[in-house]
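Residues per chain, in single letters:
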Amino acid sequence: MPVLVGWEDLAEREDRVGIHPGDPILLSPDYWIDEVLSRYLCRSSFARLAPETKRNYTDDYCLLFDFLWSRGKTWSDATADDLWAFEDWRTRSLRNPRRVGGARWNRGLAALIRLYEWAAQREHVMVNPVVMRAVLGRNGERVLVPAARAKNARSSEVRWLTPRAFRRWVEVGLLGYGADGVPYPGWSGRLADRNGAFADLLLVGTASRPARGTGTWSARSRSPSPAWRTGLTMWTGSRRPAGPRGG
C-alpha cells in the first residue's frame, strides 16, 4: 500500500500553493505546521534568499521558537520582553552553555526582523516585538536600527587576493620588483628565487564566492609550474648534506 495513499497528487498540490523542493517546513513540538509560517517561508521574499542564508535563518527561527515554547508561547505571541529575554539567554546567561558572540547574535536578529516585519505588515501579529531605535546615518539622515543590535560584533577580517594582486605581491614582496615591474635597485633578497618558486605552487582562492552555476571554488597560480606543463605530478631529487644555516 502506498505510504501516501490518497495523496498521489501531493507534488501538484504543493506547486499550487507555492511550496517547492528545498523549502523549509517547521514542525512544532506538538506536530503542527503553522500555515502563516509556511506562507512566509515559501512565498515571501524569504524564499528568494540564497540557500545558505535560508538554512541559517531557519536555524535562528527554531532557536527562538523553542525558547518561546518553553515560556508557553508561539512565535506570534512574542513580545518585546520575550525578545529581550531571548537576547539575554542567547548571549549572556550562564544557563546557556552555548552562548554566542555579537556577530552571531546580529545575524539571528536580522532573521527575526525579516520575519516580524513581514508578519506585522500583514497583521499576523499585533505589534512587531523587535524594538527599533532611530540613529543618524552617514549622511545625517534618520535611520531605524534594532535596539538589541550588539555593539561588540567583530566581522571577519579575511581578505582574498585576485590572481593579479597575488602576482604583484610576489613580484614586489618576494622578488624585489618595484610597482613599475622593474627590479628595485639595491634589492638584496638572497632567497628570492626560492621564495618565488614556492609561491608559484600555492593555490590561491579567488576573491569571490564560487562562480554562479559551478558550485565549486576555483584556484589560480601565479604561473604554470614545469610539472603542470609536462603533466608530471611528482618530481625526484636529492637532498643536500646538512650544513650551517645560510651555507
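Up top is the structure these notes are about.
We now turn to the structure provided with this report. Since this is a predicted model, take the numbers as computed values, not measurements. For every chain, the first residue of the written sequence is number 1, and numbering continues from 1 onward in sequence order. Residue-level local features of this predicted model are given only where pLDDT is at least 70; pairs of side-chain atoms are given and counted only at 80 or more, and the full residue set underlies all totals for whole chains, interfaces and linings. As a rule here, side-chain values cover all heavy atoms of the structure and leave hydrogens and water aside.

Some thoughts on the overall build of the protein chain
For the protein chain, the helix and strand inventory stands at 8 helices and 4 strands. We count a stretch as a helix when DSSP gives it H or I for four or more residues in a row; a strand needs E for two or more, and each element gets its number in order from the N terminus. For the protein chain, the α and β elements follow one another from N to C terminus as α-α-α-α-α-β-β-α-α-β-β-α. Expressed as a percentage of contacts within the protein chain between residues at least 6 apart in sequence, the contacts between residues at least 24 apart total 44%. When the accessible surface of the protein chain is summed, it comes to about 18200 Å², and 55% of that surface belongs to carbon and sulfur atoms. We call two residues in contact whenever any of their non-hydrogen atoms come within 4.5 Å of each other. Using a 1.4 Å probe, accessible areas were evaluated by the Shrake-Rupley method; residue-level cover was limited to the displayed protein chains.

Quick notes on the nonpolar core
Side-chain atoms within 4.5 Å are what join buried Ala, Val, Leu, Ile, Met, Phe, Trp, Tyr and Cys residues into a set we call a nonpolar core. Only protein chains enter the accessibility calculation, which uses a 1.4 Å probe; a residue whose area is less than 20% of its type maximum is buried, one above 50% is exposed, and one in between is partly exposed. Judged by nonpolar contacts, the single largest core of 33 residues is most densely connected at Tyr61, Leu64, Phe65, Trp75, Leu112, Leu115 and Tyr116. The dominant element in this core, judged by the number of residues it contributes, is helix H5 (residues 102-121), at 9 residues. If you look at the next biggest cluster of nonpolar residues, it comprises 6 residues, including Phe166, Val170, Leu174 and Ala192.

Things to note about the pattern of salt bridges
A side-chain nitrogen of Lys or Arg and a carboxyl oxygen of Asp or Glu constitute a salt bridge if their distance falls within 4 Å. Applying the stated criterion across every chain, the model contains 9 salt bridges. One salt bridge in this structure joins Arg104 and Asp60, with 2.9 Å as the shortest N-O distance. Linking Arg104 in helix H5 with Asp60 in helix H3 (residues 51-70), this pair joins segments that are 44 residues apart in sequence. Taking the relative accessible area as the measure of exposure, Arg104 reaches 27% and is therefore partly exposed. The salt bridge involving Arg71 is made with Asp82; its shortest N-O contact spans 3.3 Å. Note that Arg71 is positioned in the loop between H3 and helix H4 (80-91) and Asp82 in helix H4, a separation of 11 residues in sequence. If you follow the salt bridges from partner to partner, you end up with Asp60, Arg104 and Arg107 in one network.

Comments concerning the pairing of strand E2 (residues 142-146)
Two strands form a pair only when DSSP identifies at least two bridges running between them. In this sheet, E2 lies alongside strand E1 (residues 132-136) in antiparallel orientation, the contact comprising 5 bridges. Bridge pairing links Val135 to Val143 in E2. Between E1 and E2, which follow one another and run antiparallel, lie 5 residues, and Gly140 among them has a positive phi close to 85°.

Concerning a nonpolar patch on the surface
For patches, a residue must show more than 30% relative accessible area and have no salt bridge; joins then use 9 Å for like charges and 5 Å for nonpolar side chains, namely Val, Leu, Ile, Met, Phe, Trp and Tyr. Residues Ile25, Leu27, Tyr31 and Ile33 make up a contiguous nonpolar surface patch of about 450 Å² in total accessible area. With respect to the helices, strands and loops of the structure, Tyr31 is situated in the loop between helix H1 (10-16) and helix H2 (35-43). Classification of Tyr31 by relative accessible area gives exposed; the value is 67%.

Re empty space enclosed by the protein
Residues are said to line a cavity or pocket when one of their atoms sits within 4 Å of a point; the points come from a 1 Å grid over protein atoms alone, cavities being sets where a 1.4 Å probe fits but cannot get out and pockets being open sets with protein on both sides within 12 Å along at least five of seven lines. Grid points are joined across faces, edges and corners, and a volume is the space filled by probe spheres set on the points. Within this structure, the stated rule accounts for 3 cavities of 30 Å³ or more. If you go around the largest cavity, the residues you meet are Ala80, Leu83, Trp84, Glu87, Trp105, Leu109, Pro129, Val130, Val131, Ala147 and Ala148. For the lining of the largest cavity, the secondary-structure elements that each account for two or more residues are H4 and H5. When residues of the lining of the largest cavity are assigned to their parent elements, the largest contribution, 4 residues, is made by H4. Only Asp, Glu, Lys and Arg are considered charged in this grouping, and only Ala, Val, Leu, Ile, Met, Phe, Trp, Tyr, Cys and Pro are considered nonpolar; every other residue, Gly among them, is considered polar. A breakdown of the residues in the lining of the largest cavity according to their chemical character gives 10 nonpolar, no polar and 1 charged. In this structure, the second largest cavity spans a volume of roughly 60 Å³. Lining the second largest cavity are Asp60, Leu63, Phe86, Arg90, Arg104, Trp105, Gly108, Leu109 and Leu112. Of all the elements in the fold, those that place two or more residues in the lining of the second largest cavity are H3, H4 and H5. Element by element, the count of residues in the lining of the second largest cavity is highest for H5, at 5 residues. Counted by class, the lining of the second largest cavity contains 5 nonpolar, 1 polar and 3 charged residues.

Looking at unusual backbone geometry
Positive phi values are uncommon outside glycine, yet Tyr31 reaches one of about 70°. Phi is positive for Glu123, which is not a glycine, with a value near 60°. When you line up the elements, Glu123 lands in the loop between H5 and E1. In this structure Glu123 comes out as exposed when scored by relative accessible area, which is 71%.

As for H2
Within the span of H2, buried status applies to Val36, Leu37, Ser38, Tyr40, Leu41 and Cys42. The secondary structure elements touched by the buried residues of H2 are H3 and H5. Counted as a polar contact is a pair of N or O atoms within 3.5 Å, where, for protein atoms, one must be capable of donating a hydrogen and the other of accepting one, and residues adjacent in sequence contribute only when both atoms are in side chains. Regarding H2, its N-cap is Asp34, as a side-chain oxygen of that residue lies 2.8 Å from the backbone nitrogen of Val36 further along.

By themselves, these are just geometric observations and shouldn't be taken as functional.
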